[in-house]
There are 2 protein chains.
Amino acid sequence: MSSFKGRYNYSVDEKGRIALPAKLRKNVASSAKGNFVITRGFEKCLYVYPQDEWNTLEQNVRNLSFLDAKQRNFNRTLFQWAADSQLDSQSRITVQQELLDYAGIKNEVIVLGVLDRIEIWSPSVYDEFQKIQPVTYETVAEQVFKQQ
Amino acid sequence: MSSFKGRYNYSVDEKGRIALPAKLRKNVASSAKGNFVITRGFEKCLYVYPQDEWNTLEQNVRNLSFLDAKQRNFNRTLFQWAADSQLDSQSRITVQQELLDYAGIKNEVIVLGVLDRIEIWSPSVYDEFQKIQPVTYETVAEQVFKQQ
DNA sequence: ATGCCGGTGGGGAAAAGTGGGGAATTAGGG
DNA sequence: CCCTAATTCCCCACTTTTCCCCACCGGCAT
């Protein structure tokens, strides 16, 4: 199981390529072999999952009933934004324009390691997002560190 | 086992041919080798299955209860309109006019990868369909990406 | 200083997507 | 039964996109 952490500033070139930080790459399971799945995040950002982590998520929806219209659309909605991606020889992923637009990404990004996934943010979008967060780090930290 | 994903805009030529996106083709089991089954979807769209996934589906259907009216109707829709289809040398499938009409398809289509099947939609029909769907990406993401 | 690693940029070959001509096959009518 | 019309399918051609590979730059460690 992956354990990504850290915050990194990276650039996006004209071909939509973004390098994955070396420190994050070292935490990718060898079984993933440079294969990632990139998709829309819950927030206005992108999620990048190593193949093995994505498979775990996928397993949870494989058994949804094909007979139920709502569940069919659940899968449709989930998978339409996801894209397979392979690292090139320079350890970059290519992100299609559609996804970049969704996250409001232009030339620069913030790359975050968040446990089992990697998040990619537009710097300005990320700043805005942090400002309007009702839950501050303090309140979360309170909860996490209280329990022992 | 297939894991189709992504959303693609493609064109339909005058002969009713639609190319299968390369990224989807890469997920087709080699055992299917260009053999597909295309049929009416339960929504106003078309379902395309690689041969191996279709076989799995048939197997599952055999085990469904005959007593359930919903399932009997399910079988009817799925099987009476199903047609075998092979990719041509340019990786296209030819779709008969009857099926194109059913889905309201003219010159352009949206191709969706949905785990074990591929869906083909008329762009305008798909827009309309999504407008009235209660399932948004947020609700889906909430369920799938929450950490346990 | 120098070699290596990590990040950035770009040119060119290969693949993918699109369109259409024409042969082969099938169907129908005389 | 044959001829013709329509449809299918095989192949060729053109354009766009992708991706593979090479090159450079800067910092860190040897």
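The written sequence of each chain sets the order in which its residues are numbered from 1. Written order determines the labels here, with chains lettered from A and ligands numbered from 1. Only residues with pLDDT of 70 or above have their local features reported here, since the model is predicted, and side-chain atom pairs are shown and tallied only from 80 upward, although totals for entire chains, interfaces and linings are computed over all residues.

Describing the nonpolar core
Okay, so step 1: We call a set of buried Ala, Val, Leu, Ile, Met, Phe, Trp, Tyr and Cys residues a nonpolar core when their C-beta atoms link them within 7 Å. For every residue, the other C-beta atoms within 10 Å of its own C-beta are counted; 20 or more classify it as buried, 12 or fewer as exposed, and values in between as partly exposed. C-beta atoms are placed from the backbone. Core analysis: the biggest nonpolar cluster contains 58 residues, and Ile38(A), Leu46(A), Val48(A), Ile120(A) and Ile120(B) have the highest contact counts within it.
Okay, so step 2: We call two residues in contact whenever the C-beta atoms placed from their backbones are within 7 Å. Those residues in contact with Ile120(A), other than ones at most four positions away along the chain, are Ile18(A), Cys45(A), Leu46(A), Val48(A), Ala103(A), Val109(A) and Val111(A).

Some points on the protein's contact with DNA strand D
Okay, so step 1: The local shell around DNA strand D consists of Asp88(A), Ser89(A), Gln90(A), Thr94(A), Lys15(B), Asp88(B), Ser89(B), Gln90(B) and Thr94(B).
Okay, so step 2: Under the scheme applied, nonpolar residues are Ala, Val, Leu, Ile, Met, Phe, Trp, Tyr, Cys and Pro; charged residues are Asp, Glu, Lys and Arg; polar residues are all the others, including Gly. Of the residues assigned to the surface near DNA strand D, the class counts are no nonpolar, six polar and three charged. For each residue, a C-beta atom is positioned from the backbone; the residue is called near a molecule or strand if that atom sits within 6 Å of it.

Focus: the protein's contact with DNA strand C
Okay, so step 1: Around DNA strand C sit 20 residues in total, of which Ser11(A), Asp13(A), Ala22(A), Gln90(A) and Ala22(B) are the nearest.
Okay, so step 2: Working definition: helices are DSSP H or I runs of at least four residues, strands are E runs of at least two. Numbering for both runs from the N terminus. Residue assignment for the surface near DNA strand C shows that the elements contributing at least two residues are β1 (7–11) of chain A together with β1 (7–11) of chain B.
Okay, so step 3: Its residues placed into classes, the surface near DNA strand C shows eight nonpolar, six polar and six charged.

Notes on the interface of chain A and chain B
Okay, so step 1: Across the boundary between the two partners, chain A contributes 23 residues, which contact 24 residues of chain B.
Okay, so step 2: Within the residue set of the side of chain A that touches chain B, elements represented by two or more residues are α2 (51–61), α3 (69–79) and β5 (83–86) of chain A.
Okay, so step 3: Per-element accounting of the side of chain A that touches chain B gives the leading share, nine residues, to α3(A).
Okay, so step 4: A class-by-class count of the residues in the side of chain A that touches chain B yields 13 nonpolar, four polar and six charged.

Describing the relation of the copies chain A and chain B
Okay, so step 1: For the least-squares superposition of copies, only C-alpha atoms count, and only for residues with pLDDT at least 70 in both. Mapping chain A onto chain B calls for a screw motion: a turn of 30° about the axis and a shift of 9.4 Å along it, with 2.2 Å RMSD after fitting.
Okay, so step 2: Taken together, the interface assignments show that only 17% of the residues at the interface of chain A recur at the interface of chain B, consistent with different surfaces on the two copies.

Re the sheet that holds β5(A)
Two strands in a sheet stick together by hydrogen bonds in their backbones, pointing the same way (parallel) or opposite ways (antiparallel).
Residue and element names in this part refer to chain A.
Okay, so step 1: The strand order β1-β7-β8-β4-β3-β5 describes an open sheet built from six strands, whose pairing is antiparallel. The open sheet has two edge strands with one neighbour each: β1 and β5. Each strand axis lies, on average, 30° off the axis of its neighbour in the sheet, ignoring direction.
Okay, so step 2: Two strands pair if DSSP finds at least two bridges between them. By the bridge criterion, four bridges tie strand β3 (residues 35–40) to β5 in an arrangement that is antiparallel. Each residue of the ladder has a partner; that of Phe36, found in β5, is Ser85. Interaxial angles span 0 to 180 degrees and are taken between N-to-C directions of axes, which are lines fitted to C-alpha atoms, for helices over the stretch in contact.

With respect to the environment of Thr39(B)
All names here are of chain B.
Okay, so step 1: Among the secondary structure elements, Thr39 is positioned in strand β3 (residues 35–40).
Okay, so step 2: In the structure, Thr39 is positioned 38 residues away from Thr77 in sequence and 8.5 Å away in space, judged by C-alpha atoms.
Okay, so step 3: Setting aside anything within four residues of it in sequence, one finds Thr39 in contact with Tyr47, Leu78, Trp81, Ala82 and Ala83.

Some remarks on the packing of α3(A) against helix α6 (residues 137–145) of chain B
Okay, so step 1: In the contact formed by α3(A) and α6(B), the axes pass within 9 Å of each other and the chain directions differ by 90°. One finds that α3(A) runs roughly perpendicular with respect to α6(B). Residue-level inspection shows Phe74(A), Thr77(A) and Leu78(A) of α3(A) in contact with α6(B), the latter providing Tyr137(B), Val140(B) and Val144(B).
Okay, so step 2: Considered class by class, the residues forming the contact of α3(A) with α6(B) number five nonpolar, one polar and no charged. Angle categories are assigned with fixed cut-offs, so that under 35 degrees is roughly parallel, over 145 is roughly antiparallel, 65 to 115 is roughly perpendicular, and the rest are oblique.

Section: the sheet that holds strand β7 (residues 108–114) of chain B
Residues and elements named next belong to chain B.
Okay, so step 1: Spatial ordering of the open sheet is given by β1-β7-β8-β4-β3-β5, a layout of six strands whose pairing is antiparallel. For this open sheet the edge positions go to β1 and β5 (83–86), each flanked by a neighbour on one side alone. Across this sheet, the average inter-strand angle for adjacent strands is 30°, counted without regard to direction.
Okay, so step 2: Direction of pairing for β3 relative to strand β4 (residues 46–50): antiparallel, over a ladder of five bridges. By the bridge assignment for β4, Phe36 is matched with Pro50.
Okay, so step 3: Together, β3, β4 and β8 (117–121) form the strand contacts of helix α2 (residues 51–62), whose direction differs from that of β4 by roughly 105°.

A closer look at the environment of Asp52(A)
Residues and elements named next belong to chain A.
Okay, so step 1: Structurally, the position occupied by Asp52 is in helix α2.
Okay, so step 2: Owing to 17 C-beta atoms within 10 Å, Asp52 belongs among the partly exposed residues under this scheme.
Okay, so step 3: Residues Asp52 and Tyr102, spaced 50 residues apart in sequence, show a C-alpha to C-alpha distance of 25 Å.
Okay, so step 4: For Asp52, the contacting residues outside a window of four places in its chain are Ala29, Ser31 and Ala32.

Examining α2(A)
All names here are of chain A.
Okay, so step 1: Of the positions making up α2, those classed as buried are Glu53, Trp54 and Glu58. The buried side chains of α2 occupy one side of the element, clustering within an arc of 140° when seen end-on. The exposed residues of α2 that point more than 90 degrees off its buried face are Thr56, Gln59 and Asn60. In this description, one arc is meant: the one made by directions from the helix axis to the C-beta atoms.

Read these as layout, nothing more, since geometry by itself doesn't imply function.
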